[in-house]
Amino acid sequence: MRITTQTADKLVVRTHSRNVLLVIGTLFVVAGGVTLALIRVRPVTFQELERPSLLAQQQEDNLSTDSEIEPISANEAGYQIANYVGHLLFVRERLVNVLAVISLVVGGCILVGPFWGTKVIFDKVQQQVRLKHARWFFQSTVEQYPFSELYEVRVERDQTANRPDKNYGASLVFSHHEGAPLSRNYVHYKTVFPLSESFRYDSPSAEAIVNNIRAFMAEAQTA
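Residues numbered from 1 in each chain as written. Predicted model: local features only at pLDDT ≥ 70, side-chain atom pairs only at ≥ 80, totals over all residues. Heavy atoms only, no water.

Moving on: the sheet that holds strand 1 (residues 2–6). Pairing is antiparallel in the open sheet, where five strands are placed in the order 1-2-3-4-5. Taken across any chain shown, the strands that pair with only one partner, and hence form the sheet edges, are strand 1 and strand 5 (140–146). The mean angle between the axes of side-by-side strands here comes to 20°, regardless of whether they run parallel or antiparallel. Bridge analysis of strand 1 against strand 2 (residues 10–15) gives four bridges, and the strand direction is antiparallel. Across the sheet, Arg2 pairs through a bridge with Arg14, a residue of strand 2. Helix 5 (residues 203–222) rests against strand 1, strand 2 and strand 3 (118–123) of the sheet, and its axis sits at about 155° to strand 2. (Pairing = 2+ DSSP bridges. Helix = DSSP H or I, 4+ residues; strand = E, 2+ residues; numbered from the N terminus. Axes fitted to C-alpha atoms, helices over the stretch in contact; angles between N-to-C directions. Contact = heavy atoms within 4.5 Å.)

What follows is the structure, encoded as structure tokens:
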């Protein structure tokens, strides 16, 4: 989690992004693109379209008339087709280009995936908090909560962590209610949204984020 934008009217916190995975995806795309740009695939020649030498030699050793040709089994036909296709794909530079295309596809899937995290936008003008969750193909879904429903911004500590220094995180607590107060259908509940995906921050880092949000909210309420 980190603050990416802080102005007089807006505070943006980015969280839950898979930065390592995004870097890997970028490297895959760059490596695949550079490989395809530098290595030129030569067209298939007539010699490469000939039958595989092993199968051709077997047929020469078993010359017979058309009436003596034995029907080929399904397994043998599948082997011959696979051998022929593999021969065309992996000769010369084609193996490297196949790997480059795979690298591009894998890297592209990572970059268009929902790994860019969530933007938490505190908007003083609209008096609301927006949670913008990343989805596939750079789409997003947005949750909106008024400032009045933001009950608490707190630092949380994982008591079960083995590391005493980096076991802190931060969360937003939203308070909701349904129905009329003091009526039978009145329901009150809270929703906790963790700003940190895991408890991997030290206490000063987590408190700095929380204090910035609290200060911004205090200014928004007095504005």
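Having put the structure on the table, let's press on.
This part takes up the pattern of salt bridges. Tallied over the full model, the rule gives four salt bridges. Residue Arg154 is joined to Glu152 by a salt bridge in which the shortest nitrogen-to-oxygen separation is 3.6 Å. For Arg154, a relative accessible area of 26% translates into the label partly exposed. Here Arg154 ties to Glu156 by a salt bridge, and the two come within 2.9 Å at their closest N and O atoms. (Salt bridge = Lys/Arg side-chain N within 4 Å of Asp/Glu carboxyl O. Buried < 20%, exposed > 50% of the residue type's maximum accessible area, 1.4 Å probe, protein only.)

Our focus in this paragraph is a nonpolar patch on the surface. On the surface, a nonpolar cluster with roughly 600 Å² of combined accessible area is contributed by Val20, Ile24, Phe28, Leu95, Leu99, Ile102 and Val106. Counting only elements with at least two residues in the nonpolar patch, the list comes to helix 1 (19–38) and helix 4 (94–111). With four residues, the single largest contributor to the nonpolar patch is helix 4. Checked against the element boundaries, Ile102 lands in helix 4. You can call Ile102 partly exposed: its relative accessible area is 46%. (Patch = residues over 30% accessible without salt bridge, like charges linked within 9 Å, V, L, I, M, F, W, Y side chains within 5 Å. Areas by Shrake-Rupley, 256 points an atom, 1.4 Å probe, with all protein chains shown as cover.)

Before going further, it helps to spend a moment on the packing of aromatic side chains. Under the definition given, this model contains three aromatic pairs. Both rings, one in Trp136 and one in Phe137, keep their centres 6.5 Å apart while their planes meet at 50°; by these two values the pair is tilted. Ring pairs connect the aromatic residues Phe115, Trp136 and Phe137, which therefore count as one cluster. Geometry around Phe216 places Lys124 over its ring, the cationic atom sitting 5.0 Å from the centre. (Phe/Tyr/Trp six-rings, centres within 6.5 Å; stacked < 30°, edge-to-face > 60°. Lys NZ or Arg CZ within 6 Å of the ring centre and 35° of its normal.)

Our next topic: the environment of Arg154. Structurally, Arg154 is set in strand 6 (residues 150–157). For the pair Arg154 and Glu207, spaced 53 residues apart in sequence, the C-alpha separation works out to 8.3 Å. Not counting the four nearest positions on each side in its chain, Arg154 is found in contact with Gly169, Ala170, Ser171, Val173, Val192, Val210 and Arg214. Separated by 2.9 Å, the side chains of Arg154 and Glu156 make a polar contact. (Polar contact = N/O pair within 3.5 Å; in protein donor to acceptor, adjacent residues only side chain to side chain.)

What follows deals with the sheet that holds strand 6. Pairing is antiparallel across the open sheet formed by three strands, whose spatial order is 6-7-8. The sheet terminates laterally at strand 6 and strand 8 (187–194), the two strands that pair on one side only. Strand-to-strand, the axes of this sheet are offset by a mean angle of 25°, without reference to chain direction. Both strand 7 (residues 168–178) and strand 8 contribute to a ladder of eight bridges, which runs antiparallel. Bridge assignment links Leu172 to a residue of strand 8, and that residue is Phe193. Packing of helix 5 onto the sheet brings it into contact with strand 6 and strand 7, and relative to strand 6 it is tilted by some 170°.

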